[in-house]
Structure formats: structure tokens, C-alpha cells
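# Structural overview for review
Here are the chains, one letter per residue:
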Amino acid sequence: MLTANKLMPQGRGLAPVLVKRAATIELDWDVRQKSRFDTTDSEGRRIGVFLPRGTAVRGGDILVVEDGSLVRVIAAPQTVLRITHCTAHGTPFDLVRAAYHLGNRHVPIELQPDHLKIEPDHVLADMLRAMHLIVNEVQESFEPEGGAYGGHVTNDGHSHHHHGHAHGGHDHDHAHDHDHGKAQGGHVHGPGCGHDHDHGHSH
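An account of the accompanying structure is given in this report. In this text the structure is predicted, and so the values were computed from the model without any measurement.

### Some thoughts on the packing of aromatic side chains
For the coordinates displayed, the defined rule picks out one aromatic pair. For the ring pair Trp29 and Phe142, a centre distance of 6.5 Å and an interplane angle of 90° mean the geometry is edge-to-face. Of this pair, Trp29 sits in helix α2 (residues 29–32) while Phe142 sits in the loop between β10 (133–140) and β11 (152–153), and the two are 113 residues apart along the sequence. Side by side, Trp29 and Phe142 carry an identical accessibility label, which is buried.

This is the structure in C-alpha cells:
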């Protein structure tokens, strides 16, 4: 068995032609979130992956094998819940509320501008539908958001670190008097809001 202990996020620094020619492995999130696992690439080679603890492998990353060859990682489609807001009775802000409640439960979430994705969970699905969100089970790749501390890898593969910038030496006081407990226009989108929530689609 060959081993791979080096990861090149999104193949940065490599010539595109080398990435294109690389063998591939297709892995779901359950495997990619592990730092050590065995796999078989598209050329039939058994590869043992040994990465630093806490390393998550993302779709588009490149593994460097001990013989110098490259293997490109593909995020395999898997069963996930795709969450969207109701265009008839809700707003995109409903997704922010959903992300907040899911985050409080430490649920891995993939964040997209117009939808969220989580792993299947019927209790969470019922909670989200009760919030008038649309929840559909689909087969898609899953790239949940990384941790917020010490840098995290986003869906584009970039590592973002909190630098604590002092912007031009100004002392910014962000404790503005905002009432964040209100939804847009003070509207609470839930039972008793007077809307007809028979949307005619499957939540």
C-alpha cells in the first residue's frame, strides 16, 4: 500500500495540467473529515492517507503520494437535507435563523447564499419545517463550514484567519442600539402570523 501524508488545498501552486492528469478518489464527508483513512484511487492503487490530526479533506484538494504522484479528491454525492426558504411566505432571512438554531446544536452545516445543507436528521427536519422552511432530501456533495478559530477552510478551499486588524487606528464601538431579536420589519414568521402556510409543496 502506498501512503500519502501531504495535502495541497485545492491544488494551489500546481500547474493545471498536472491537476487534470492526476488520479482521483471520490469520498463522502464521513471519510473526508478523518485525518487517517484507506482508499483506492481511480488507477486501482490502495493508498493509506495519514494527515495531521484535525485535517479535513475537501473536494478539489490534492493528495501527494509517497512516490510523488498526485491524487485529486472529489466530494462524492451523499444523502443530505437541502434547506431553502419559502418564497411565498418567507424571506431569505429565515435561512439565517435556521443556521443560528442549527449552530446552537453544533450541527455541521454547509452554508450557501440561497440554501443550507445538513446531514439527514428527522428531528431537525421537523424543526425546520415548523419554521416554514422547505426541506428536501437530495443526493449532493457535502462541504460543511469549518471551525471559526485558528483559521477554517471554506467551500472554496481558502483558509481564513482572524487577524484582529485595527482599522486605521480607529476605536470602533460596535455596540450599536440594534434590536436583533426582531426579524425584518418586526415580523415574526410563525404560527399565528396570519399567513396561509399551506404552500402546496412538500416541506
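### Section: the pattern of salt bridges
Evaluated as defined, the whole model comprises nine salt bridges. A salt bridge links Arg45 to Asp67; its shortest N-O distance comes to 3.3 Å. Remark: Asp67 occurs in the loop between β5 (62–65) and β6 (70–75) and Arg45 occurs in the loop between β3 (36–40) and β4 (46–50); sequence separation between them is 22 residues. Here Arg45 falls in the buried class, since its relative accessible area comes to 19%. Close ionic contact of Arg58 with Glu143 constitutes a salt bridge, the shortest N to O distance being 3.1 Å. Placement of Arg58 in the loop between β4 and β5 and of Glu143 in the loop between β10 and β11 is noted, with a sequence separation of 85 residues between them. The class of Arg58 is buried, set by a relative accessible area of 5%.

### Re the sheet that holds β5
Pairing between sheet strands relies on hydrogen bonds along the backbone, with the strands arranged either parallel or antiparallel. Spatially, six strands are ordered β2-β6-β5-β1-β4-β3 in an open sheet, and the strand pairing comes out mixed. Strand pairing shows two members of the sheet lacking a second neighbour, β2 (23–27) and β3, which therefore form its edges. Averaged over all pairs of adjacent strands, the angle between strand axes in this sheet comes to 35°, irrespective of strand direction.

### Description of the environment of Glu140
Mapped onto the secondary structure, Glu140 falls in strand β10. A relative accessible area of 24% means that Glu140 is categorised as partly exposed. Apart from residues lying up to four places away in sequence, Glu140 is in contact with Ala76, Pro77, Gln78, Val80, Arg82 and Lys117. Within the local environment of Glu140, its side chain forms a polar contact with the side chain of Lys117, the two groups lying 2.9 Å apart.

### Observations concerning the sheet that holds strand β8 (residues 110–111)
Read from one edge of the open sheet, four strands run β8-β9-β7-β10, paired in antiparallel fashion. The sheet is open, and its two edges are formed by β8 and β10, each paired on a single side. Those strands touched by helix α4 (residues 122–130) are β7 (78–85), β9 (116–118) and β10, and its axis lies near 140° from that of β10.

### Side note on the nonpolar core
Formed by 15 residues in total, the largest nonpolar core has its most connected members in Ile83, Leu102, Leu116, Ile118, Leu128 and Leu133. Elements represented by at least two residues in this core include exactly β7, α3 (93–104), β9, α4 and β10. Formed by 12 residues, the second largest nonpolar core is a distinct cluster that contains Leu51, Val57, Val65 and Val71.

### Regarding the side chain of Thr24
Note that Thr24 resides in strand β2. Among the residues examined, Thr24 registers a relative accessible area of 19% and is labelled buried. For Thr24, the residues in contact, after removing those within four places along its chain, are Asp41, Ser42, Val71, Arg72 and Ile74.

### So, the layout of surface pockets
Leftover empty space is mapped by rolling, across the atoms, a probe with the size of a water molecule. Taken as a whole, the second largest pocket encloses approximately 200 Å³ of empty space. Around the second largest pocket, the lining residues are Gly103, His106, Val107, Pro108, Ile109, Leu111, Glu145 and Gly146. Looking at the lining of the second largest pocket, its residues break down into four nonpolar, three polar and one charged.

Rules and cut-offs
Residues numbered from 1 in each chain as written. Predicted model: local features only at pLDDT ≥ 70, side-chain atom pairs only at ≥ 80, totals over all residues. Heavy atoms only, no water. Phe/Tyr/Trp six-rings, centres within 6.5 Å; stacked < 30°, edge-to-face > 60°. Helix = DSSP H or I, 4+ residues; strand = E, 2+ residues; numbered from the N terminus. Buried < 20%, exposed > 50% of the residue type's maximum accessible area, 1.4 Å probe, protein only. Salt bridge = Lys/Arg side-chain N within 4 Å of Asp/Glu carboxyl O. Pairing = 2+ DSSP bridges. Axes fitted to C-alpha atoms, helices over the stretch in contact; angles between N-to-C directions. Contact = heavy atoms within 4.5 Å. Polar contact = N/O pair within 3.5 Å; in protein donor to acceptor, adjacent residues only side chain to side chain. Core = buried A, V, L, I, M, F, W, Y, C linked by side-chain atoms within 4.5 Å. 1 Å grid on protein atoms, 1.4 Å probe; cavity = no way out; pocket = protein on both sides within 12 Å on 5 of 7 lines; lining within 4 Å. Points joined across faces, edges and corners; volume = space filled by probe spheres on them. Nonpolar A, V, L, I, M, F, W, Y, C, P; charged D, E, K, R; others polar.

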